[in-house]
Amino acid sequence: MSLTVDGFAPQRTVPLRGKGGTRQRGDKGVSRLPRARTRPRPRPAALKWQDLRLPVLGRLWATAWLPSVLVAGCLVALMYLVQTSGVATTGYDIQHLQTERDDWQLRNEQLRLELAKRRSLTWIEAEATTRLGMVRPDPTALTYVKVSR
Amino acid sequence: MAVQHTLRSPARTVHAGQHTPHRSPTRAVHAGQVRMALICALFVGCGLVLVWRLYTFQVLDTTRYQQLADNERHAQIPIIPSRGALLDTNGNPLAVSVRYDSVYVLGSLVGGAEKADKLAAMLGPVLGMPAADVRAAIDPASGRPVVLRSSVPSAVAEQVQQLALPGVYLDKEPVRQYPEGSLAAQMLGFVGHDFTGLAGLELSYEPELAGTPGVIDTEKDTAGQEIALGRRLLTPPRQGSDLVLTIDRYVQRVAERLLNQAVVTNKASGGLILVMEPRTGNILAAANNPTYNLTADEIYNPQRQDLYRAKIITDQYEPGSTLKTIAMSAALDSGLVTPGTTMNDTGVAVVAGSVIHNWNGAANGTSSMTDILIHSSNVGMTWVSSTLGADRLYEYLARYGFGQPTGLRLPGEVAGTVRTNHDPGWTRVDQATNAYGQGIAVTPVQLLQAVAVFANDGQLVRPRLVRAIRGPDGDQDVPPEVERQVISPKTAHTMLQMLVAVHEQPDLKAYRVPGYHIAAKTGTADTPTNVGYNTALTIGSLVALFPAEAPRFVVLIRLDGPERLYGGLVAAPVLKDLAQELLSYYRVPPSP
């Protein structure tokens, strides 16, 4: 880690052991602190893509894991967004279709009623007598004929 | 990671000519760190406050805020079930519910008087109304919706929707429609504005017809629309069941036509015709006059409440001589008389000091039991009732179902009035008069049910108006119900033969139906008043069963207050026409 304070440029950078970066002499609290007497714990060596002992995928992972995770996260978020948006759109489509279905059902009901009215005896009789000029038959005109089997 | 702090404190600004005190870099760094700590503390404090508020919102006041949020977006959309239809026995609709759009206008949303004028000019032709009428209905200052037109066909509703006029909107409402017009109005009944039954079958079968409403428990957006991804809990409605009636629309129409003609011809105040299938108890037709108009905009008129009763079960009347068939069958079934048993009809009988005359004052001389029915002799029936005895007479009347409701599921059924020898006020005169249908009150359905016993080998079958209920759970048949054996099959057949003789007497020759035997009995009952009987105001009636060999139909024809007083004169012609129509419609072959 490098700490820079305005107006106090680092005079010398002392490399520290391990992967901790550099420390400046002017650092507050660093220069005043007594040097640690305990021996720092050895850290495991980080994977490097140049390490030829690793397989190809391993080398790739060692180098690109952070971007990969970010890209994957973005993809997941995007997919979720697309899916959510799709579901919402479909939901509104369903609502619209339901309304349309209701309208057609309503029209169907009204047409059925119209059909029933056209099939009613009142309408048929009125049409037969007024428009077609028909007359009511004489009930006594019915004759039954006995047929021997 | 590199963090850069730029210190720009005024203490560090050096002005020209000003003495600058020496400050060590270490102290300056220390001041910056203090400030940083304060800022951090401020942020942490703010964060803590936020966390605390979050805690109170999310944990402590969860219920309250959840309730507020729910109220904000929660919506319960009721699903109104469609009311069941009333169908005739062949499935033809007599009463159905159809949804129609109603066109409303909300004056305050129209946008002023000028826009209201334009709106009226555009909407008037679409609705088929004069623009002036539409304009008159719109009050631009009013915040209350006004119905411009109800029951608008869907094609018109679509045109209104396409106009997209501000303040005009549509609302779907169910409307009860009667494709056959006012056919069987008193049986069907009608519904009120809240779509609940108010009379007739619509009232008595309300639970079956109405169904159960459902609800959609959902969330709405700011526009009041349902949120597609929101919570949605559907409680489906239970649709109303259809009633398949026993009424045949053709028979009903014929009965109504003949009744209306008879009422006019005989200058009667009203009347009724009942047609029933004796074997099943199916009522094929129940015509009433006067009745009401089901197709009127406003069906109910509070001043004419008598019209809305199903008079076939709510109004009792003295049946007159048609009841002689019942008393005679009781005497035959008891084995006390046979059709050939004779008595001397002197034209007058004295019972407990009261004088009883025949209807025409005639003395018929030696008369068989068949003659008593043919001449409709009151004196003869007085003899029969005295032979029968009070206990047997009233026991048979009870077995025939008089004095008890028939159970026909229509609102307001009465039991009729039978004063027996065990009731206070009863006298021996009652026993005599009851035998010929005076001093006893019955409903038309009771009489029809009793007479049908002759066609059913002596069994009493309960009349019915509904033969099946078609609901969401499937069809449920209403089977015919045999109540009890009233008389023996032999007595029933004997009665049919005696009644054929009655109908084929010379006086009624003009009213025979060629090729068919009809069993019938006419009746004329004086109208009871507070001071005795009004002999000038009668009820002329007739009961008939045909074809007599195996009756398919039992009929009651009644005319109230006819100009020609007697049942034989006013009802017999109607019977002839009705029988001819029924026999040809059902293709009943002639009697052998």
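What to know about the overall build of chain A
Piece 1. If you tally the helices and strands in chain A, you get two helices and three strands.
Piece 2. The order of α-helices and β-strands along chain A, N terminus first, is β-β-β-α-α.
Piece 3. The buried share of chain A, taken over its 149 residues, is 3%.
Piece 4. Of the contacts made within chain A by residues no fewer than 6 positions apart, 8% connect residues no fewer than 24 positions apart.

Looking at the overall build of chain B
Piece 1. Check the secondary structure of chain B and you find 19 helices and 22 strands.
Piece 2. For 592 residues, the compact-globule formula gives about 25 Å, and the C-alpha radius of gyration of chain B, at 41 Å, lies well above that figure.
Piece 3. By principal-axis analysis of the C-alpha atoms, chain B measures approximately 160 × 55 × 50 Å.
Piece 4. Every one of the 592 residues in chain B was classed for burial, and the buried ones make up 42%.
Piece 5. Excluding contacts between residues fewer than 6 apart, the proportion of contacts in chain B whose partners are at least 24 apart in sequence is 71%.

Section: unusual backbone geometry
Residue and element names in this part refer to chain B.
Piece 1. A cis amide bond links Asn 289 to the next residue, Pro 290, at an omega of 0°.
Piece 2. Tracing the backbone shows Pro 290 in the loop between strand S11 (282-289) and helix H10 (311-314).
Piece 3. In this structure, Phe 195 is a non-glycine residue whose phi angle is positive, near 70°.
Piece 4. Residue position: Phe 195 is located in the loop between helix H6 (185-188) and helix H7 (200-204).
Piece 5. For Phe 195, a count of 16 C-beta atoms within 10 Å corresponds to the partly exposed category.

Digging into helix H9 (residues 249-265) of chain B
Helical geometry: 3.6 residues make up each α-helical turn, so side chains three or four residues apart lie on a common side.
All names here are of chain B.
Piece 1. Helix length check: H9 (17 residues) gives 24 Å between terminal C-alpha atoms against 24 Å at 1.5 Å per residue, within 8%.
Piece 2. Buried within H9 are the following residues: Arg 249, Val 251, Gln 252, Arg 253, Val 254, Ala 255, Glu 256, Leu 258, Leu 259, Ala 262 and Val 263.
Piece 3. Looking at the residues trailing H9, positive phi occurs at Lys 267, about 50°.

What to know about the confidence of the model for chain A
All names here are of chain A.
Piece 1. Residues with a pLDDT of 70 or more make up 58% of chain A, whose mean pLDDT is 73.
Piece 2. Per-residue pLDDT, averaged within each element of chain A, yields its smallest value for strand S1 (residues 4-5) (42) and its largest for helix H2 (residues 121-131) (92).
Piece 3. Below a pLDDT of 50 lies the segment residues 1-30, which in the model reaches 43 contacts outside its immediate sequence neighbourhood of four places, other chains included.

A look at the sheet that holds strand S2 (residues 74-79) of chain B
Residue and element names in this part refer to chain B.
Piece 1. Strands sit in the order S2-S7-S8 across an open sheet of three strands; the sheet is antiparallel. Edge positions in the sheet fall to S2 and strand S8 (232-235), since each of these pairs with one other strand and no more. Across the sheet, the axes of successive neighbouring strands diverge by a mean angle of 15°, strand direction being ignored.

Comments concerning the packing of helix H11 (residues 324-333) of chain B against helix H13 (residues 378-388) of chain B
Residue and element names in this part refer to chain B.
Piece 1. Direction vectors running N to C along H11 and H13 enclose 40°, while the axes themselves pass 10 Å from each other. With respect to each other, H11 and H13 are oriented oblique. Note on packing geometry: the crossing formed by H11 with H13 is left-handed. Contacts between H11 and H13 involve Lys 324, Ala 327, Met 328, Ala 330 and Ala 331 on the former and, on the latter, Met 381, Val 384, Ser 385, Thr 387 and Leu 388.
Piece 2. For the contact of H11 with H13, a count of residues per class yields seven nonpolar, two polar and one charged.

Quick look at H13 of chain B
Residue and element names in this part refer to chain B.
Piece 1. Burial within H13 is extensive, with nine of its eleven residues counted as buried.
Piece 2. Residues of H13 that are buried: Asn 378, Val 379, Gly 380, Met 381, Thr 382, Trp 383, Val 384, Ser 385 and Leu 388.
Piece 3. Backbone geometry just after H13 places Gly 389 at a positive phi near 90°.

Brief notes about the pairing of strand S13 (residues 348-351) of chain B
All names here are of chain B.
Piece 1. Of the pairings in the sheet, the one linking S13 to strand S14 (residues 354-357) comprises four bridges and is antiparallel in character. Looking at S14, one finds that Val 350 is bridged to Val 355.
Piece 2. From the end of S13 to the start of S14, which pair antiparallel, there are two residues, and Ala 352 there has a positive phi angle of about 50°.

Concerning the nonpolar core
Piece 1. Ile 273, Leu 274, Ala 327, Val 555 and Leu 575 of chain B are the most contacted members of the largest nonpolar core, which totals 151 residues.
Piece 2. When residues no more than four places from it in sequence are discounted, the contact partners of Leu 575 of chain B are Tyr 511, Ala 520, Leu 542, Ala 544, Val 555 and Ile 557 of chain B.

What to know about the packing of H11 of chain B against helix H17 (residues 489-503) of chain B
Residue and element names in this part refer to chain B.
Piece 1. At a closest axis distance of 10 Å, the pairing of H11 and H17 adopts a crossing angle of 135°. When the axes of H11 and H17 are compared, the pair comes out oblique. For the element pair H11 and H17, the recorded crossing hand is right-handed. Counted together, Thr 325, Ser 329, Leu 332 and Asp 333 of H11 and Thr 491, Thr 494, Met 495 and Leu 499 of H17 form the full contact between these two elements.
Piece 2. Among the residues making up the contact of H11 with H17, the classes are represented as three nonpolar, four polar and one charged.

Some thoughts on the environment of Leu 148 of chain B
All names here are of chain B.
Piece 1. Relative to the elements of secondary structure, Leu 148 occurs in strand S5 (residues 145-152).
Piece 2. Each C-alpha atom, one on Leu 148 and one on Gly 124, is 9.6 Å from the other, the two residues being 24 residues apart in sequence.
Piece 3. Contacts of Leu 148, omitting those with residues within four sequence positions, involve Val 103, Tyr 104, Val 105, Leu 127, Val 134 and Ala 137.

What about the sheet that holds S11 of chain B?
Residues and elements named next belong to chain B.
Piece 1. In spatial order, the strands read S11-S10-S22-S21-S20; together these five strands make up an open sheet with antiparallel pairing. On the outer flanks of this sheet lie S11 and strand S20 (519-529), each paired with one strand and no other. With strand direction ignored, the average angle separating the axes of adjacent strands in the sheet is 15°.
Piece 2. Pairing of strand S10 (residues 270-277) with S11 involves seven bridges; the strand directions are antiparallel. Within the sheet, the bridge partner assigned to Val 275 lies in S11 and is Ala 285.

So, the confidence of the model for chain B
All names here are of chain B.
Piece 1. On average, chain B scores 89 in pLDDT, and the residues at 70 or more come to 96%.
Piece 2. Residue range residues 1-17 is modelled with pLDDT below 50. Its contacts to residues more than four positions away, or to other chains, number 15 contacts.
Piece 3. Across the predicted assembly, pTM comes out at 0.78 and ipTM at 0.76.

Some thoughts on the environment of Leu 569 of chain B
All names here are of chain B.
Piece 1. Residue placement: Leu 569 occurs in helix H18 (residues 567-570).
Piece 2. Note on Leu 569: 19 C-beta atoms within 10 Å, which makes it partly exposed.
Piece 3. Through-space distance from the C-alpha of Leu 569 to that of Asn 266 is 9.4 Å; in sequence the pair is 303 residues apart.

Regarding the environment of Ala 95 of chain B
All names here are of chain B.
Piece 1. For Ala 95, the position within the fold is in strand S4 (residues 93-106).
Piece 2. For Ala 95, a count of 28 C-beta atoms within 10 Å translates into the label buried.
Piece 3. Expressed as a C-alpha distance, the spacing of Ala 95 and Arg 279, which sit 184 residues apart in the sequence, is 27 Å.
Piece 4. Ignoring any residue separated from it by four or fewer positions in sequence, one finds Ala 95 in contact with Ala 85, Leu 86, Arg 176, Tyr 178 and Leu 188.

The rules behind these values
- Residues numbered from 1 in each chain as written.
- Chains lettered and ligands numbered in written order.
- Predicted model: local features only at pLDDT ≥ 70, side-chain atom pairs only at ≥ 80, totals over all residues.
- Helix = DSSP H or I, 4+ residues; strand = E, 2+ residues; numbered from the N terminus.
- Buried ≥ 20, exposed ≤ 12 C-beta atoms within 10 Å, placed from the backbone.
- Contact = placed C-beta atoms within 7 Å.
- Rg over C-alpha atoms; globule rule 2.2 N^0.38 Å.
- Expected span 1.5 Å × (residues − 1).
- pLDDT = per-residue confidence, 0-100.
- Pairing = 2+ DSSP bridges.
- Axes fitted to C-alpha atoms, helices over the stretch in contact; angles between N-to-C directions.
- Parallel < 35°, antiparallel > 145°, perpendicular 65-115°, else oblique.
- Left-handed = near helix turned anticlockwise from the far one by under 90°.
- Nonpolar A, V, L, I, M, F, W, Y, C, P; charged D, E, K, R; others polar.
- Core = buried A, V, L, I, M, F, W, Y, C linked by C-beta atoms within 7 Å.

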